[in-house]
Every structure is written in C-alpha cells, then in structure tokens.
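Below, each chain spelled out in residue letters.
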Amino acid sequence: METNNNGNSSLDKEEIKYVNIVPRLSFRKVTSDTSRFGRLICWWCKCKYYHVELILENRYISVTPAGIHMKFLHELDHKRYDYLTLKSIHMTEDHYFNILDFIASYETTRYDYFGLFTNQVLGINIYNKEVFCSEFVVQLLKLLGYKRFFPYNGSEFSPQDIYDIIQNGSNKVILQRHTILSRLKRLIGLR
C-alpha cells in the first residue's frame, strides 16, 4: 500500500461514505380481505402473520405470488399490518447499494410455492432460485448484518418466526416447526 507524506494511504483520497439505515418489518395479519392462501398459512402455522415485508428507508420489498417488488412506500397500513422497527445499521453506502442491486436482481423471480410446501409442510429443504416472503426477508436480514439469522436457511422461517425472534430480542432462535412429521410426533407424544 502506498503512503503519502502525511503517512496516510493513497486509498484515503477516496472518502468512504457511510449511511445509517433503520429497517422496519411489516407483518400482514388476517383481515376481512385476506385471501384463502393467507388464511391457510395462518391455520397451518398456527400463527397471527402470514406475510412479511422489509422496509428500507422509503422502499418496501415484497415477495408475493405476483413477483418480487421493490416499490416506494407511500403510507403505512396499520389496519392490515403490524410493524417492527429494527436497530439502526451503520454501513458503507456501497454495501447498501449492493443490497438494493441484489434485491433488484430478483425482480423477475417467481414465487416459490413448491419450496414453501416442501419446507413448511414436509420439512424438506429444497434449494431453487425461487423464493417466498419469509425466506427472502431472512436473506436480506443476513445481508444487513443481523447475526441471529446467520446459521439458518431462510426457507426454515415463517413470518411468525421472524416476528417472534425480533420481538424476544435474544440470540436464541426457536423455530416453530409445523411439518407433517412434527405434528405426528406431537400427536403420539414424542415431542
């Protein structure tokens, strides 16, 4: 590394810019306009929330059967969603823009009905290029540096799991498994 007369590296000439990001998560709860699919997810997972989105500054990132969207946020909808504000993250501007580029690269990706079924119902993790909402949000939380999600595959989480982990604030992660096998074990008293 080259140094100048002041002892500073020549890399210091290009100033690194930092940003503070305060991410928020929005959790969709069952309301009168909830689809059958959303109601089915809540019933199967025995949970309050069937969908999760990430909000970064004035953008919300949503994975739905209609695709992956990064749109500008207008107004929060407190009737249909509950919101959690996460701790502030200090990162380089380049890192933040790389995350936005990563999200944009998924905009043509389809919703992963197959992965949702195999993981949440059968308990089998199958990797493919498609994603569902909680899976993608966990990937983004990892990129943002939320370490409690690091050892896990995003497809293991339901929106309710993410809500519970953020709300309880501990580093201990307890995933609520609602697979057929885990239900049979509970039924016969093995768990």
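For the structure itself, consult the block above.
Residues numbered from 1 in each chain as written. Predicted model: local features only at pLDDT ≥ 70, side-chain atom pairs only at ≥ 80, totals over all residues. Heavy atoms only, no water.

J.: Lay out the overall build of the chain in plain terms, naming residues and giving numbers.
T.: The number of helices and strands found in the chain is six helices and seven strands. Tracing the chain from N to C terminus, the helices and strands come up as β-β-α-β-β-β-β-β-α-α-α-α-α. A separation threshold of at least 6 residues defines the contact pool for the chain, and within that pool the share at least 24 residues apart is 62%. Taken as a whole, the chain presents about 11,600 Å² of accessible surface, with 53% of it coming from carbon and sulfur. (Helix = DSSP H or I, 4+ residues; strand = E, 2+ residues; numbered from the N terminus. Contact = heavy atoms within 4.5 Å. Areas by Shrake-Rupley, 256 points an atom, 1.4 Å probe, with all protein chains shown as cover.)

J.: Pulling in residues and values, what's your account of the nonpolar core?
T.: With 44 residues, the main nonpolar core has Leu-25, Leu-56, Phe-136, Leu-141, Phe-149 and Ile-162 as its most contacted residues. For this core, the element with the most residues is helix H4 (residues 133-143), which contributes six residues. The contacts of Phe-149, once residues within four sequence positions are left out, are Val-138, Leu-141, Lys-142, Phe-157, Ile-162, Ile-165 and Ile-166. (Core = buried A, V, L, I, M, F, W, Y, C linked by side-chain atoms within 4.5 Å. Buried < 20%, exposed > 50% of the residue type's maximum accessible area, 1.4 Å probe, protein only.)

J.: For the sheet that holds strand E3 (residues 49-56), give the residues involved together with the corresponding values.
T.: Pairing within the open sheet is antiparallel, and its five strands lie in the order E5-E4-E3-E2-E6. What marks the edges here is a single partner per strand, and that holds for strand E5 (67-72) and strand E6 (81-85). Direction aside, neighbouring strands of the sheet carry axes that sit 25° apart on average. In terms of strand pairing, E3 meets strand E4 (residues 59-64) through three bridges, oriented antiparallel. Each bridged residue has a counterpart across the sheet, and for Leu-56 the counterpart in E4 is Arg-59. Along the sheet, helix H5 (residues 159-168) contacts strand E2 (24-29), E3 and E6; its crossing angle with E3, the most-contacted strand, is approximately 60°. (Pairing = 2+ DSSP bridges. Axes fitted to C-alpha atoms, helices over the stretch in contact; angles between N-to-C directions.)

J.: So what's going on with the environment of Lys-48? Residues and values would help.
T.: Structurally, the position occupied by Lys-48 is in the loop between helix H1 (36-45) and E3. The class of Lys-48 is partly exposed, set by a relative accessible area of 46%. Considered as a pair, Lys-48 and Pro-159 are 111 residues apart in the sequence and their alpha carbons are 8.9 Å apart. In this view, Lys-48 contacts Arg-28, Lys-29, Val-30, Cys-42, Asp-82 and Gln-160; residues no more than four positions away in its chain are not counted.

J.: Could you give an account of empty space enclosed by the protein, with specific residues and numbers?
T.: According to the stated counting rule, one finds one cavity of 30 Å³ or more in the structure shown. Each pocket or cavity is described by its volume, and for the largest cavity that value is around 60 Å³. Lining of the largest cavity is provided by 12 residues; of these, Ile-41, Tyr-50, Leu-116, Ser-134 and Pro-159 occupy positions nearest its centre. The residue makeup of the lining of the largest cavity, split by class, is nine nonpolar, three polar and no charged. (1 Å grid on protein atoms, 1.4 Å probe; cavity = no way out; pocket = protein on both sides within 12 Å on 5 of 7 lines; lining within 4 Å. Points joined across faces, edges and corners; volume = space filled by probe spheres on them. Nonpolar A, V, L, I, M, F, W, Y, C, P; charged D, E, K, R; others polar.)

J.: Kindly report on unusual backbone geometry, identifying the contributing residues and their values.
T.: Non-glycine residue Glu-57 carries a positive phi angle of around 55°. Residue placement: Glu-57 occurs in the loop between E3 and E4. For Glu-57, a relative accessible area of 42% translates into the label partly exposed.

J.: Go over the environment of Ser-88, please, and point to the residues and values.
T.: Mapping Ser-88 onto the fold places it in the loop between E6 and strand E7 (89-92). On the basis of relative accessible area, Ser-88 is assigned to the partly exposed category, the value being 43%. Apart from the residues lying within four places of it in its own chain, the contact partners of Ser-88 are Asn-20, Ile-21 and Val-22.

J.: For the layout of surface pockets, give the residues involved together with the corresponding values.
T.: Roughly 240 Å³ of volume is contained in the largest pocket. Those elements that provide at least two residues to the lining of the largest pocket are H1, E3 and E4. In the lining of the largest pocket, the residues fall into eight nonpolar, five polar and four charged.

J.: Please set out the side chain of Ser-62 residue by residue, giving values where relevant.
T.: Its place among the elements puts Ser-62 in strand E4. With a relative accessible area of 4%, Ser-62 lands in the buried category. A distance of 3.0 Å separates a polar atom in the side chain of Ser-62 from a polar atom in the side chain of Glu-53. (Polar contact = N/O pair within 3.5 Å; in protein donor to acceptor, adjacent residues only side chain to side chain.)

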